[in-house]
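In case you want the letters, here they are:
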Amino acid sequence: MRFLLYASRMHKTFSTTVRKELIKDAENESFDLIIIGGGITGAGIALDAALRGLKVVLVEKDDFAFGTSSRSTKLIHGGLRYLKQLEFGLVKEVGSERAIVHKLAPHLVVPEKMLLPLYEKRGLGYWLTSIGLKIYDWLAGVLEVDQRKMLTRNQTLRQEPLLNPDDVKGGAIYAEYRTDDARLTIEIIKSAFQFGAKPLSYSRVTKLRYGSDKIIGVEVLDQISQLQFKITGKAIVNAAGPWVDDLREMDQSKKGKRLHLTKGVHLVISKEKLPIQQAIYFDVEDGRMIFAIPRGRTTYIGTTDTNYDGSKDDVNASNEDAIYLINAVNRTFPHSSLILKDIESSWAGLRPLIHEEGKSASELSRKDEIFVSPSGLISIAGGKLTGYRKMAERIVDLVFETHFDDRQAKCQTASTPFVGSDFVNYQAVRNYISEVAVKLKPFGLENEAPYLVGTYGKQCDSILSYFQTHQTGDAGVDLLRAEIWFCTLYEITTCLADFVVRRTGMLYFNMPRLKKYKEIILQEFSNQLNWSVEKKQSEAAALELLILNSTHFKQS
C-alpha cells in the first residue's frame, strides 16, 4: 500500500509557488512535529515521522543542506577511523547503515574501493592494519566480495603509480561508498514532502513560543518575503547542526554539554593535475588521515580538522588550510607538484561535535547525543552523515514516547526508496546510464549521462523529455536549461547558489561549465522565477562572490 501511495505522488511539484502554499498551511494548521533544521538529520527526521503518520513541518533558515550537509567529504563510510578510538558500536552501526542507504539510492551512494598505502616510518604496520581491516569488515558487515585485500609494496605501486616509491612498504584495499551529500539531503526532503511533510527553506526561527513553561511552537521569518508567521506544534525538535546551541540558548537550556565546532576543508583539482587511478586514504606526518577521491573531471582532497569559532554562516577555506593539504598531497604524490594556482574550487564545513575537555579536534567523538530541556525542546547534536537514518529513528521514537503514548508506529525508512531511486541495484544504475547516453548521443552529449544519472536518478526522464522538446540549436545550453526547469519546478530552487552548489555541485566539480554558462544560468533563472532587475543584479553579485570565495588562494 505504501509503495502505491509513493508511486502516485512521484510527480507532485515542489516549486516556489508550492512554497507559498506551504507557508499558508504552516501558519493555519497545528502540527504533531516541528523540526528546526533542513540538513541531513532534519530531513531524515521529517521522512521518518511522516511515514509513521505524524503531521510534520520543517523549517530551515537557508537552503536545504546549506550547512554541514553539503560540505562533508561526501562519503557514506564505515568509520574505519573510529577503530582507532575503539568506538566499535559506532563502526557496526554506520557499517550496516551504509548498506541500507546504498540500497535506497544506488545512484547516489556508489561503491568506491579505497586504497590505503602503508609506510615505513608512520601509521600502522602491515599486520595491525590487516587485523584492523578484518575487524572493520566484520563489524561493518562487508560482503565477502568487497572485503579487505592486503597488498605488497609492488602491488600497491601498481595500483597507484603516483605514490612515492621511496616510502611505501605495502597497502590495502577496502570498501567505501561515495555520495553527493547535498543531493542525498534534497532527495530525502522531497521524499518527506511526497509523504505529507511540509518542508520550508529560507524560513528562520526568530523566537520560541511557550505555554505554561512548555514549548508549543515557533515564530518564523520568511527570508524571501520578509513576512513573519507562527507555527504551533506538539513536539519541537532542534536539528540545526552547528546552530543547535544557538537554539538551546534561545530556550535558556544550554547547560552541561555543549557543541565543539571544528572546520573541515576540501580542495578540488583538475584530474589532469592529480590523475590518481582510484580513491586513496593516506596518513600524513602529523598523524591525520586525508582522502584523495576522483569525481568526474576532477579529484578532490581533504580534509582538515581544526577548532573553529568564526561565523557559522560564512565558512571558507583559508590559505593556510590550502597549503596544508597541497603539501600533504605533494609529499604523498611527489610528481604532482601542485601549487595553489591549481585549485579549481574548494569548500569548508563545520562539524558540530560534542565538547570533551582536554581532547583535540581530531580526538573528539563523532557520536550523536540527544538533549531534552525542561521546556520540552528536543535537541540532537553530533553524529555523521552515514548515521542520519538511525539518528532520525531515535528522535522519532522519543517523540512518540514523550507525546504520543497511545500511538504505536515503527520506523519504515529502511524499506522506503527515495524519489528518483527506482533501481533494483547498482547494475540497474549502470544500465540506465547507458540508456541515457544513447538518448544523448545524437546531440553529442553522451558523456553527460553519468553526471545526470548520478545527480537525478530516474528523474532524468523528466529532464530529457523537456530537453528534447525545447531545442534551440545549442545542445549544451538546452540541457542546462532543462536542469534549471526541473530544479525550479521539483526541487524548490530559489536562487543561483541553490542550483550551482547544492542541486548540481557545479561550483565544486565543474567550474569551467559554470564560468562558461553563468550568464545563461542567470537569465534562465530570471525567466523562470520572474526576477526584477534588482533581484537579478544581486544574484549576479552573489554568484561572483561564491566563485571568488572558492578560488581566492594566493601563492606566497
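Residues numbered from 1 in each chain as written. Predicted model: local features only at pLDDT ≥ 70, side-chain atom pairs only at ≥ 80, totals over all residues. Heavy atoms only, no water.

A. Focus on the overall build of the protein chain. A tally of regular secondary structure across the protein chain gives 18 helices and 17 strands. Taken against the 2.2 N^0.38 rule, which gives 24 Å for 556 residues, the C-alpha radius of gyration of the protein chain at 23 Å falls within 12% of a compact globule. Dimensions along the principal axes, computed over C-alpha positions, put the protein chain at roughly 70 × 60 × 50 Å. The long-range fraction of contacts in the protein chain, counting pairs at least 24 apart against all pairs at least 6 apart in sequence, stands at 72%. When the accessible surface of the protein chain is totalled, it reaches about 23000 Å², and 52% of it is carbon and sulfur. Side-chain charges of the protein chain comprise 73 positive and 68 negative groups, with the mean position of each set lying 2 Å from the other. (Helix = DSSP H or I, 4+ residues; strand = E, 2+ residues; numbered from the N terminus. Rg over C-alpha atoms; globule rule 2.2 N^0.38 Å. Contact = heavy atoms within 4.5 Å. Areas by Shrake-Rupley, 256 points an atom, 1.4 Å probe, with all protein chains shown as cover. Lys, Arg positive; Asp, Glu negative; His and termini not counted. Charge placed at Lys NZ, Arg CZ, Asp CG, Glu CD.)

B. Main features of unusual backbone geometry. With an omega dihedral of 25 degrees, the bond running from G302 to T303 counts as a cis peptide bond. In this structure, T303 sits in the loop between β13 (298-302) and β14 (306-307). Positive phi is not limited to glycine here, since K74 has a value of about 60 degrees. As for its position among the elements, K74 is in the loop between β2 (56-59) and α4 (88-104). Taking relative accessible area as the criterion, K74 reaches 3% and is therefore assigned buried. We note that S212 has phi near 55 degrees; this positive angle belongs to a residue other than glycine. For S212, the position within the fold is in the loop between β7 (203-211) and β8 (214-222). (Buried < 20%, exposed > 50% of the residue type's maximum accessible area, 1.4 Å probe, protein only.)

C. Region of the structure containing empty space enclosed by the protein. Enumeration according to the criterion identifies four cavities of 30 Å³ or more in this entry. Size it by volume and the largest cavity reaches roughly 70 Å³. What lines the largest cavity is a set of 14 residues, and nearest its centre among them are K74, D180, A182, V501 and G505. Its residues placed into classes, the lining of the largest cavity shows four nonpolar, three polar and seven charged. (1 Å grid on protein atoms, 1.4 Å probe; cavity = no way out; pocket = protein on both sides within 12 Å on 5 of 7 lines; lining within 4 Å. Points joined across faces, edges and corners; volume = space filled by probe spheres on them. Nonpolar A, V, L, I, M, F, W, Y, C, P; charged D, E, K, R; others polar.)

D. Representation of the packing of aromatic side chains within the structure. Evaluation of the coordinates by the stated rule reveals 19 aromatic pairs. With 5.6 Å between their ring centres and 80 degrees between their planes, Y456 and F486 make a pair best called edge-to-face. Residue Y456 is located in helix α12 (residues 449-456), and its partner F486 is located in helix α14 (residues 475-490); the two are separated by 30 residues in the primary sequence. For the residue pair Y456 and F486, the accessibility class agrees, reading buried in each case. Geometry around F31 places K55 over its ring, the cationic atom sitting 5.6 Å from the centre. If you follow K74 out to its NZ or CZ, it ends over the ring of W347, 4.7 Å from the centre. (Phe/Tyr/Trp six-rings, centres within 6.5 Å; stacked < 30°, edge-to-face > 60°. Lys NZ or Arg CZ within 6 Å of the ring centre and 35° of its normal.)

E. Molecular detail of the environment of L507. Of note, L507 is situated in helix α16 (residues 506-509). Taking the C-alpha atoms as reference points, L507 and L543, separated by 36 residues in sequence, lie 9.6 Å from one another. Discounting residues that sit within four places of it in the chain, L507 has contacts with S345, V500, V501, L514, L546, I547 and S550.

F. Representation of the pairing of strand β9 (residues 228-238) in the model. When strand β1 (residues 30-36) meets β9, the two strands line up parallel, connected through six bridges. Along β9, the bridge assignment pairs F31 with G233. Connecting the antiparallel pair β8 and β9 is a turn made up of five residues, with Q226 showing a positive phi of about 65 degrees. Note: β9 against strand β17 (residues 378-382), two bridges, orientation parallel. (Pairing = 2+ DSSP bridges.)

G. Representation of helix α15 (residues 496-503) in the model. The element α15 is largely enclosed, with a buried count of eight among its eight residues. Those residues of α15 not exposed but buried are L496, A497, D498, F499, V500, V501, R502 and R503. Looking at the buried residues of α15, the elements they touch are α7 (181-194), α12, α14, α16, α17 (511-529) and α18 (533-551). Immediately downstream of α15, the backbone of G505 shows phi near 70 degrees, a positive value.

H. Spatial organisation of the side chain of T504. Its place among the elements puts T504 in the loop between α15 and α16. Classification of T504 by relative accessible area gives buried; the value is 4%. Aside from chain neighbours lying at most four places away, what touches T504 is Y451, Y456, E483 and F499.

Scope: geometric values only; no functional claims are made or implied.
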